[in-house]
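The residues making up each chain are set out below.
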Amino acid sequence: MASKFIILGLIALVFAGASLMVETFVFDGGITPDRIVQDTFFLPLSFIFLLIAGAFLIIGSMIKVAKSSD
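Model, not experiment: these values are computed from the prediction. (Residues numbered from 1 in each chain as written. Predicted model: local features only at pLDDT ≥ 70, side-chain atom pairs only at ≥ 80, totals over all residues. Heavy atoms only, no water.)

Student: What's the story with the packing of aromatic side chains in this structure? I'm lost.
Tutor: Aromatic ring pairs are defined here through the distance separating the ring centres and the angle between the ring planes. In the structure shown here, the tally under the stated rule is 2 aromatic pairs. Look at Phe5 and Phe56: their rings are 5.8 Å apart centre to centre, the planes differ by 45 degrees, and that puts the pair in the tilted class. Of the two residues, Phe5 sits in helix H1 (residues 2–27) while Phe56 sits in helix H2 (residues 42–68), which places them 51 residues apart along the sequence. The interplanar angle of 45 degrees and the centroid separation of 5.5 Å between the aromatic rings of Phe15 and Phe49 together place this pair among those described as tilted. On the criterion of sequence distance, the pair formed by Phe15 in helix H1 and Phe49 in helix H2 is long-range, its members being 34 residues apart. Residue classification places Phe49 among the partly exposed residues on the basis of a relative accessible area of 23%. (Phe/Tyr/Trp six-rings, centres within 6.5 Å; stacked < 30°, edge-to-face > 60°. Helix = DSSP H or I, 4+ residues; strand = E, 2+ residues; numbered from the N terminus. Buried < 20%, exposed > 50% of the residue type's maximum accessible area, 1.4 Å probe, protein only.)

As structure tokens, then:
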């Protein structure tokens, strides 16, 4: 059970990195010549995936520690 949470956390971490790379390299959110801020959903999506990854990794680690202390 703990390894499933850890694997899901690592997958979410990969998705966070991928969405951050898409934001950085493809859309390059910045300011247009008309002074309009260009923003996409990929930057907030990367932070959401990062939070999910952290939660899964912490839960998986806590389960693993609880099983090893028995």
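So much for the structure itself; the text now carries on.
Student: Please clarify how the side chain of Ser46 should be interpreted in this entry.
Tutor: For Ser46, the location among the structural elements is in helix H2. Polar side-chain contacts of Ser46 include one of 2.6 Å to the backbone oxygen of Leu43. Dropping the residues within four chain positions of it, Ser46 is found in contact with Ala16, Ser19 and Leu20. (Polar contact = N/O pair within 3.5 Å; in protein donor to acceptor, adjacent residues only side chain to side chain. Contact = heavy atoms within 4.5 Å.)

Student: Sorry if this is basic, but what is going on with a nonpolar patch on the surface here?
Tutor: Taken together, Leu10, Leu13, Leu20, Leu43, Phe47 and Leu50 make up a surface patch of nonpolar side chains, about 510 Å² in accessible area. Secondary structure elements with two or more residues in the nonpolar patch: H1 and H2. (Patch = residues over 30% accessible without salt bridge, like charges linked within 9 Å, V, L, I, M, F, W, Y side chains within 5 Å. Areas by Shrake-Rupley, 256 points an atom, 1.4 Å probe, with all protein chains shown as cover. Salt bridge = Lys/Arg side-chain N within 4 Å of Asp/Glu carboxyl O.)

Student: Is there a simple way to think about the environment of Leu45 in this case?
Tutor: Along the chain, Leu45 falls in helix H2. A relative accessible area of 22% means that Leu45 is categorised as partly exposed.

Student: Could you clarify how one ought to interpret H1 in this entry?
Tutor: Every α-helix winds through 3.6 residues per turn, so residues three or four apart in the chain are directed the same way. Its 26 residues place the ends of H1 37 Å apart at the C-alpha level, agreeing with the 38 Å of an ideal helix rising 1.5 Å per residue. Looking at H1, one finds that the buried residues are Ala2, Phe5, Gly9, Ala12, Ala16, Ser19 and Glu23. Each element contacted by the buried residues of H1 is listed here: H2. Following H1 by one or two positions, Asp28 adopts a phi angle in the positive range, close to 45 degrees. (Expected span 1.5 Å × (residues − 1).)

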